[in-house]
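Below are the chains, spelled out letter by letter.
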Amino acid sequence: MNSSPPSNDKRQTTNDVIQIEAGLEDLHSVVEAMVDRIPAEAVISLRGDLAAGKTTLVQAIARRLGVEGGVSSPTFSLQHRYGERLYHYDLYRKSFDEVAQLGLLESFEEPGWHLVEWADDALKAFCKTAGYPLWQVTILPHEERRIYRIESLDA
């Protein structure tokens, strides 16, 4: 029996992309779609404007994974680890070279999901070359809700 509350999300799916229109009350359906599609070991670029809801999505993922305690944006520390398999990076205004020099790329070797806010094209290219499964969740405002576009970037 499904214990999740009924969902008001609006979903569109193609072979490569799932797009969900959801409000905060439906965020669990976005997380479930991610859990269903994205492998347990992946780098996931979270793409959206400032205040689009990237950290809110990370909070929902952490709840789904049973992480206890607060989840906040790692704006100044650049990386937070939640539990054993969830990593959250905020790379706003950080170049690929800066990220590499700080040693953050080695963290991608750890098992789990690596959720990266503000991943630039060079970081995405590195992930592809290094063989990390690479996904992207794009968050777009839509009236009082958001559109979440979940897609593999491995193609």
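In this convention, every chain numbers its residues from 1, walking through the sequence in written order. Local features in this predicted model are restricted to residues whose pLDDT is 70 or higher, and side-chain atom pairs enter the listing and the counts only when it is 80 or higher, whereas totals over whole chains, interfaces and linings include all residues. The side-chain quantities take in all heavy atoms of the structure and omit both hydrogens and water.

**A word on the packing of aromatic side chains**
Item 1. Aromatic pairs are defined between Phe, Tyr and Trp rings, using the six-membered ring for Trp, whenever the two ring centres lie within 6.5 Å; interplanar angles under 30 degrees are classed as stacked, those over 60 as edge-to-face, and all others as tilted. Under the defined criterion, the tally for this structure stands at 5 aromatic pairs.
Item 2. Ring centres 5.7 Å apart and planes at 45° place the aromatic pair phenylalanine 96 and phenylalanine 126 in the tilted group. Taken as a pair, phenylalanine 96 in helix α3 (residues 96–101) and phenylalanine 126 in helix α4 (residues 121–130) lie far apart in primary sequence, 30 residues in all.
Item 3. An aromatic cluster is present here, built from Tyr89, Phe96, Phe108, Phe126 and Tyr132 joined pairwise through their rings. A run of DSSP states H or I qualifies as a helix once it reaches four residues; a run of E qualifies as a strand once it reaches two. Both are numbered from the N-terminal end.

**Points about the pairing of strand β6 (residues 113–117)**
Item 1. Throughout, exposure labels follow a simple rule: accessible area from a 1.4 Å probe, protein chains only, divided by the maximum for the residue type, with under 20% read as buried, over 50% as exposed, and the rest as partly exposed. Here β6 lies mainly inside the structure; 5 of its 5 residues are buried.
Item 2. Neither face of β6 is open: one carries Trp113, Leu115 and Glu117, the other His114 and Val116, and all of them are buried.
Item 3. A pair of strands is treated as paired once DSSP finds two or more bridges between them. Pairing of strand β3 (residues 42–47) with β6 involves 5 bridges; the strand directions are parallel. Residue alanine 42 lies in a different strand from β6, and its bridge partner there is tryptophan 113.
Item 4. Summarising the sheet, strand β5 (residues 86–90) and β6 pair through 5 bridges and their orientation is parallel. Along β6, the bridge assignment pairs aspartate 90 with glutamate 117.
Item 5. Handedness rule for crossovers: strands pointing away from the viewer, path from the first strand over the helix to the second running clockwise, crossover right-handed. Once you follow β5 into α3 and on to β6, the crossover reads as right-handed.

**Details of the pairing of β3**
Item 1. Counting buried residues along β3, 5 of its 6 residues qualify, which places the element largely inside the surrounding structure.
Item 2. The pairing of β3 with strand β7 (residues 134–142) spans 5 bridges and is parallel. Within β7, the position partnered with valine 43 by the bridge is leucine 134.

**Some points on the nonpolar core**
Item 1. Residues Val30, Met34, Ile44, Leu57, Trp113, Val137 and Ile150 are the most contacted members of the largest nonpolar core, which totals 29 residues.
Item 2. Those elements that provide at least two residues to this core are β2 (17–22), α1 (27–37), β3, α2 (54–64), β6, β7 and β8 (145–152).
Item 3. Whether two residues touch is decided by their heavy atoms; if any such pair falls within 4.5 Å, the residues are in contact. Sequence-distant contacts of leucine 57, that is, excluding residues within four places in its chain, are made with Leu27, Val30, Val31, Met34, Leu46, Val137 and Ile139. Definition used in this section: a nonpolar core is a set of buried Ala, Val, Leu, Ile, Met, Phe, Trp, Tyr and Cys residues joined via side-chain atoms within 4.5 Å.

**Examining the side chain of lysine 54**
Item 1. Inspection of the secondary structure assignment puts lysine 54 in helix α2.
Item 2. Within 3.5 Å is the distance limit for a polar contact, defined as a pair of N or O atoms, with the added protein rule that one can donate a hydrogen and the other accept it, and that residues adjacent in sequence qualify only through two side-chain atoms. Polar contacts involving the side chain of lysine 54 include one to the main-chain carbonyl oxygen of glycine 48, which spans 3.0 Å.
Item 3. When residues no more than four places from it in sequence are discounted, the contact partners of lysine 54 are Leu46, Arg47, Gly48, Asp49, Glu117, Trp118 and Ile139.

**Focus on the confidence of the model for the protein chain**
Item 1. One confidence number per residue, pLDDT, is output by the predictor and ranges from 0 to 100. Taken as a whole, the protein chain shows an average pLDDT of 90; of its residues, 91% reach a score of 70 or greater.
Item 2. Looking at the elements of the protein chain, mean pLDDT is at its lowest for strand β1 (residues 10–13), recorded as 70, and at its highest for β3, recorded as 98.

**What to know about the pattern of salt bridges**
Side chains bearing opposite charge may pair, as long as their charged atoms lie close to each other.
Item 1. We define a salt bridge as a side-chain nitrogen of Lys or Arg found within 4 Å of a carboxyl oxygen belonging to Asp or Glu. Scanning all chains against the criterion turns up 7 salt bridges.
Item 2. One salt bridge connects glutamate 41 with arginine 85, and the closest N-O pair in it is separated by 2.4 Å. Pair noted here: glutamate 41 is in the loop between α1 and β3 and arginine 85 is in the loop between β4 (79–82) and β5, with a separation of 44 residues, a long-range link.
Item 3. Residue glutamate 151 pairs with arginine 149 through a salt bridge whose shortest N-O separation is 3.2 Å.
Item 4. Among the residues examined, arginine 149 registers a relative accessible area of 30% and is labelled partly exposed.
Item 5. Each member of the salt-bridge network shares a partner with another, and the members are Glu21, Glu25, Asp26 and Arg145.

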